[in-house]
Amino acid sequence: MDESNTAYFQPELEAESKSKGRALAVFGIAFVLVSAGIFSYYFLNQSEIDSEILDNAAFKTLEERMVEHYRVGQFGSDHAHAALVVFVNGDMMDFSHPQFQIQSKYIHFENDNPYLVHKHANRVPLDMLFSSFGLEITPECIVFRGQADSNQNCIDSENSITILINGISFSKINLYEISHNDRILISFGDKSLISEQLEYLHGLEIHDVPKINKLVPGKDILV
C-alpha cells in the first residue's frame, strides 16, 4: 500500500515542485529587472538627483540656511569688532561660557571674552549670532533656548526692553549688521538701570582689527 500510494502521488508532487520553481524563477527575474531599472535611472540622472539632495534644506545646517537667506558674503570678506551686552533684570549675561564661544564662524564671541563680537563677512546680521546659541530677541521678549517659562522675560507694566546702538534706540536688532566700534545695549527690566548699564558698556575695550588676519588651524576661523 505504501509503495502504491507513493507512486500515485508522485506526479502531483513533481508538478507542485515545478510550479514553485517557476514562480521563484519569475520572481527572481522580475527583481533583477526592477533593480536594474532603478540603478540605471540613478546613474543616468545621478547629477540631477545629487543636486536636489544638496539643495534640500533638510540636509543643511541652520547656519548654512541663514547664509543663503541673508546672502552672507564670503568668509573673510569683512572683519569688525563690537561691544554687546545683554542685561536681564539687572544681571548681565556672561557670554564667556563655552556654549556661547565660536558657535558660528561668521559672527561670534571668542577667547572667553564675554562681550566682544567678531564679524568675519559682509551682510552678517546679529540674528546669526543670537541663533547660534539659542537666544531670541523680539520687541516684547528675550527668550533663551530650553527656558522653562518662555514668557519670563516679556514686557509688562513694570518691565520693558530697551535696545540702544551707539546710544540710539533701535527696534529690529536681529537684522542689524555691526560696524567696527559699535556699542550695543540690550536691557530687559527696570528702565532706571539703563544709565548705569550704558556707563558700563562705554567702559569696555574694543580691540582693533588686526591688519593681518590669522587662520586658526583646523577651525577655519579668522581672529
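Here the structure is shown first, and the text comes after it.
By convention here, each chain's residues receive numbers from 1 onward along its written sequence. Whole-chain, interface and lining totals are the exception, using all residues; otherwise, since this is a predicted model, local features are given only for residues with pLDDT of at least 70 and side-chain atom pairs are given and counted only at 80 or more. Heavy atoms from the whole structure form the basis of all side-chain values; hydrogens and water molecules are not counted.

Trainee: Describe the nonpolar core, listing the residues and the values that go with them.
Mentor: By nonpolar core we mean a set of buried residues, namely Ala, Val, Leu, Ile, Met, Phe, Trp, Tyr and Cys, connected to one another through side-chain atoms within 4.5 Å. Burial classes: relative accessible area under 20% of the type maximum marks a residue as buried, over 50% as exposed, and values in between as partly exposed (1.4 Å probe, protein chains only). Counting 35 residues, the largest nonpolar core has Leu84, Leu126, Met128, Phe130, Ile173, Ile184 and Ile186 as its most contacted members. Secondary structure follows DSSP: runs of H or I at least 4 residues long count as helices, runs of E at least 2 residues long count as strands, and numbering of each begins at the N terminus. For this core, the secondary structure elements donating two or more residues are helix H3 (62–70), strand S1 (80–88), helix H4 (126–132), strand S5 (135–137), strand S7 (160–165) and strand S9 (182–189). Those residues in contact with Leu126 that lie beyond four places of it in its chain are Leu84, Ile107, Ile173, Asn174, Tyr176, Ile178 and Ile184. Throughout, a contact is declared for two residues whenever any of their heavy atoms are within 4.5 Å.

Trainee: A description of the pattern of salt bridges should follow, citing residues and the corresponding values.
Mentor: Opposite charge on two side chains makes pairing possible when the charged atoms of those side chains draw close. Each salt bridge in this description consists of a side-chain nitrogen of Lys or Arg and a carboxyl oxygen of Asp or Glu lying within 4 Å of one another. Scanning the model with the defined rule gives 2 salt bridges in all. Close ionic contact of Lys119 with Asp78 constitutes a salt bridge, the shortest N to O distance being 2.9 Å. With Lys119 in strand S4 (residues 116–119) and Asp78 in the loop between H3 and S1, this pair connects stretches of sequence that are 41 residues apart. Overall, the relative accessible area of 2% leaves Lys119 in the buried class. A salt bridge links Glu177 to Lys119; the nearest nitrogen and oxygen atoms lie 2.8 Å apart. Within this pair, whereas Glu177 is found in the loop between strand S8 (168–169) and S9, its partner Lys119 is found in strand S4, the two being separated by 58 residues in sequence. Taken together, the shared-partner salt bridges in this structure form one network comprising Asp78, Lys119 and Glu177.

Trainee: Before we move on, could you go through the pairing of S7 and cite the residues and values that matter?
Mentor: Of all the 6 residues making up S7, 6 are buried; the element is thus mostly covered by neighbouring parts of the structure. A two-sided burial pattern is seen for S7, the buried positions comprising Ser160, Thr162 and Leu164 on one face and Ile161, Ile163 and Ile165 on the other. Bridge count for S7 against S9 is 6 bridges, and the pairing is antiparallel. Among the inter-strand pairings, Thr162 is bridged to a residue of S9, identified as Ser187. We treat two strands as partners when DSSP finds at least two bridges between them.

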